[in-house]
Amino acid sequence: MERTIERNIIDAVKHLYDSNIDAADIQIQTTRKEFEGDVTAVVFPLLKYSRKAPEQTAEDIGNYILEVNPGVRSFNVVKGFLNLEISNRAWLDEFIKLRSAAPAYSIPEKGKGQTTLIEYSSPNTNKPLHLGHIRNNLLGYSLYKILSACGQRVYKTNIVNDRGIHICKSMLAWKLFANGETPSDSGLKGDHFVGKYYVKFENEYKKEIRKLISRGMTEEEAADKSELMAGARELLRKWEAGDKETLDLWKRMNNWVYEGFNKTYETLGVDFDKIYYESDTYKLGRSIVREGLEKGIFYRKEDGSVWVNLSSDKLDEKLLLRADGTAVYITQDLGTAVERYNDYKFDRHYYVVGNEQNYHFQVLKSILKKLEYDWADGIHHFSYGMVNLPEGKMKSREGKVVDADDLIDTMLHTAREMSEELGKLDEYSAGEKENIYRKIGLGALKYFILKVDPRKNMLFNPRESIDFNGNTGPFIQYTYARIRSVLRKAESYEYSEDIKRDVFELNKKESDLVKLLRRFGPVVVEAAETLNPSLIANYTYELAKEFNQFYHDYSILGEKEIALRSFRIGLSEYIGQIIEEAMGLLGIDMPERM
RNA sequence: GGUUCAGUAGCUCAGCUGGAUAGAGCAACGGCCUUCUAAGCCGUAGGUCGCAGGUUCGAAUCCUGCCUGAAUCACCA
């Protein structure tokens, strides 16, 4: 539609003012609700061609378009805005064109067929997943869905931080206090079980420190003299030396954790094609450091440590290898990046990691580019903001966290309670009902998280998160269920599949819906280009709300013949399809009824 | 202090490649179940778009400065 009007304007300027128009001067947008018309052309930029007043220019161009374009029924001018009213026929053609396209969204040219790697989740194995991980997981998974929809070959990876002092703390606490207890003895999920001992360590450690301080030591001295900390460090040393007993315990406890994580991942509906473990990768990267040294890109300091100077990229000097030759975080990441390139030959590699690590990823990319890996340009840090609580920041050490499993349980419970109270599902089997509660509870959680711009820090208010009214996942699901209900009803009527033969006056709301539908493709494209699922969420809400209003208008009027009108059935069907696909891009399932 | 990001209704958030009278939801108040699903719909009230300049026909949107907040600038990962 815009295309033809664009051409009309080019022609009009040529014809009326004898000028060739600059493409950037054509501005077309959908008309704001409070004005008459469907499509608006802004004529201010055209004044330099017409050399007339805005109103006169708009009038001239409007008359020209009316003459040449049969799809335009009428126009009006408000200041420099030319509002064009599109004919029913044209809207109908537009809709038929949309509906015949499959899938319902158009695919960005950019990136079709390329190989894309996404790293997300990245948990530590000493405690259960929390709200921050939920945001990470949902964003990562949605990214996967979106990029896949764009035709890219996407692989999901996870890197598990399964080694280091924090795991040793859990291990030590378990050895000292557990008496051989296992998760199944305790009835706890494996990750919570191991987390319990991590907390135990921290508490005992704090107690020990307090005791030492009360004996007159400073805090530093106390930390130095702590037997618990020494024990944890000793375990780490043994682990690195390959001590069998330590390794066995480490494996055993990690497996408990993985069991727990897998359950959470499964409920959330996320998964991975390949999982990397830091215990395998932590030694990687040294050969790269050697390579950099030989090329003279890195340098050695007197104490033997290796550094790189990134001041040309406005970054600092960065340590790559400690004086004792051990690797640091960035060294590992250099190694895994190279390994992953060798594994996948990716065109793009997204790291879904919180914005607290922005600096780290700048450094990573900068170093890889200095080493002249041409694929380094494909590396991209998908940086997202933190999740804060009304009381402030989440702090796992102070127990101020929202546990992922608890949160999911709360959502599922609330969904059940609400649904039972409404009693609309009474005739369904327990299994069917559970399935629906699950979809609603998880839909609420996922939508709540994904509707906010990933880049922004967000506030998580537990009370609001379980609200199922308004701009929420359940509202969209409700709309979808309603559409399905309409279609079920429509099946019992005979109606023509050929909506072209449907003669009618297009209702304002109907053309509004068609207008909205046309935006879905571009929204997906934009979401893919800006890596922003929240665009899809907010757009789908808008569409669902519009549909509810439309639907309601008919109810109020008592017009029950919707099922007899093939256009309305087609419209409902198509909107249902769009909602399902859009929500699918967020990893949210739609219930047939609720 | 350097860098990056953010500041829009009481609260949570949209809107940001410059366009018309800045939008939703929640919370508040008032209506609507004899309607194909009321998890809904309609209405009322609520704004100096952090502040100050600049750019221009036009600025929440772009530029500059300032204020406020967050993250980061580790031989932690």
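Structure: see above.
Notes on the structure follow. This is a predicted model, so every value here is computed, not measured.

This part covers the pairing of strand E2 (residues 39-42). Every second residue of E2 is oriented toward a common face, with Val39 and Ala41 on one face and Thr40 and Val42 on the other, all of them buried. One ladder, built from 4 bridges, connects strand E1 (residues 27-30) with E2; its direction is antiparallel. Bridge pairing in E2 places Gln27 opposite Val42. Here 4 bridges tie E2 to strand E4 (residues 81-86), and the two strands are oriented antiparallel to one another. Looking at the pairing, Val39 lines up with Leu84 of E4.

Before going further, it helps to spend a moment on the sheet that holds E1. Taken together, the 4 strands give an open sheet; going across it, the order is E1-E2-E4-E3, and neighbouring strands pair in antiparallel fashion. The open sheet is flanked by E1 and strand E3 (72-78), the only strands paired with a single partner. This sheet shows a mean twist of 25° between the axes of neighbouring strands, independent of strand direction. Contacting E3 and E4, helix H3 (residues 54-68) runs over the sheet at an angle of about 180° to E3.

Next up on the list: a negative patch on the surface. A cluster of acidic side chains, namely Glu417, Glu420, Glu421, Asp426 and Glu427, defines a negative patch on the protein surface. With respect to the secondary-structure elements, Asp426 resides in the loop between helix H16 (404-422) and helix H17 (430-450). Under the relative-accessibility criterion, Asp426 is labelled exposed at 57%.

What follows deals with the packing of helix H13 (residues 286-294) against helix H14 (residues 329-344). Closest axis-to-axis distance for the H13/H14 pair is 8 Å, and the angle between their directions is 95°. When the interaxial angle is binned, H13 and H14 end up roughly perpendicular. Counted together, Arg286, Ile288 and Val289 of H13 and Thr331, Leu334, Gly335 and Val338 of H14 form the full contact between these two elements.

Between the first and last C-alpha of helix H8 (residues 190-214) there are 37 Å, a value that for 25 residues agrees with the 36 Å anticipated at 1.5 Å per step. Directly after H8, the chain includes Gly216, whose backbone phi takes a positive value near 100°.

Across the 5 residues that make up strand E5 (residues 115-119), a large majority, 5, are buried. Side-chain alternation along E5 places Thr115, Leu117 and Glu119 on one buried face and Thr116 and Ile118 on a second face that is also buried. Two elements, E5 and strand E6 (residues 153-160), share 5 bridges in a ladder whose sense is parallel. The residue of E6 that forms the bridge with Glu119 is Thr157. With helix H5 (residues 131-149) bridging E5 and the parallel E6, this β-α-β connection has right-handed handedness. Looking at chain direction, E5 and strand E11 (residues 348-354) are connected through 4 bridges and run parallel. Across the sheet, residue Leu117 finds its bridge partner in E11, namely His349.

Before going further, it helps to examine the packing of H8 against helix H10 (residues 227-241). Contact geometry for H8 and H10: axes closest at 8 Å, N-to-C directions at 135°. Considering their axes alone, H8 and H10 lie oblique with respect to each other. Contacts between H8 and H10 involve Phe201, Glu204, Tyr205 and Glu208 on the former and, on the latter, Glu227, Leu228, Met229 and Ala232. Here the contact of H8 with H10 is built from residues that sort into 5 nonpolar, no polar and 3 charged.

We now examine the sheet that holds strand E8 (residues 298-300). One open sheet accounts for 3 strands, arranged E8-E9-E10; its pairing is antiparallel. Only two strands of the sheet have a single partner each, and these edge strands are E8 and strand E10 (317-321). Neighbour-to-neighbour, the strand axes of this sheet turn through a mean angle of 35°, independent of strand direction. Bridging between E8 and strand E9 (residues 306-309) involves 3 bridges; their strand directions are antiparallel. From the neighbouring strand, Phe298 faces E9, where its bridge partner is Val308. Across the sheet, H13 touches E8, E9 and E10, and the angle it forms with E8 is around 90°.

Here we come to the pattern of salt bridges. Counting across every chain of the model gives 28 salt bridges. Residues Asp248 and Lys244 are paired through a salt bridge, measuring 2.8 Å at the closest nitrogen-oxygen approach. Taken as a pair, Asp248 and Lys244 lie in helix H11 (residues 244-268) at a separation of 4 residues, close to a single helical turn. Assessed through its relative accessible area of 35%, Asp248 is described here as partly exposed. Its relative accessible area of 58% is what places Lys244 among the exposed residues. Because the salt bridges share partners, they merge into one network encompassing Asp38, Asp512 and Lys515.

If you trace the backbone, His381 turns up in strand E12 (residues 379-384). Assessed through its relative accessible area of 15%, His381 is described here as buried. At 2.8 Å, the side chain of His381 and the backbone oxygen of Val353 are in polar contact. Within the structure, His381 has its side chain in polar contact with the side chain of Asn358 (distance 3.4 Å). Setting aside residues up to four positions removed in sequence, His381 forms contacts with Tyr351, Val353, Gly354, Gln357, Asn358 and Phe361.

Conventions used here
- Residues numbered from 1 in each chain as written.
- Chains lettered and ligands numbered in written order.
- Predicted model: local features only at pLDDT ≥ 70, side-chain atom pairs only at ≥ 80, totals over all residues.
- Heavy atoms only, no water.
- Buried < 20%, exposed > 50% of the residue type's maximum accessible area, 1.4 Å probe, protein only.
- Helix = DSSP H or I, 4+ residues; strand = E, 2+ residues; numbered from the N terminus.
- Pairing = 2+ DSSP bridges.
- Axes fitted to C-alpha atoms, helices over the stretch in contact; angles between N-to-C directions.
- Contact = heavy atoms within 4.5 Å.
- Patch = residues over 30% accessible without salt bridge, like charges linked within 9 Å, V, L, I, M, F, W, Y side chains within 5 Å.
- Areas by Shrake-Rupley, 256 points an atom, 1.4 Å probe, with all protein chains shown as cover.
- Salt bridge = Lys/Arg side-chain N within 4 Å of Asp/Glu carboxyl O.
- Lys, Arg positive; Asp, Glu negative; His and termini not counted.
- Charge placed at Lys NZ, Arg CZ, Asp CG, Glu CD.
- Parallel < 35°, antiparallel > 145°, perpendicular 65-115°, else oblique.
- Expected span 1.5 Å × (residues − 1).
- Right-handed = clockwise from strand over helix to strand, strands pointing away.
- Nonpolar A, V, L, I, M, F, W, Y, C, P; charged D, E, K, R; others polar.
- Polar contact = N/O pair within 3.5 Å; in protein donor to acceptor, adjacent residues only side chain to side chain.

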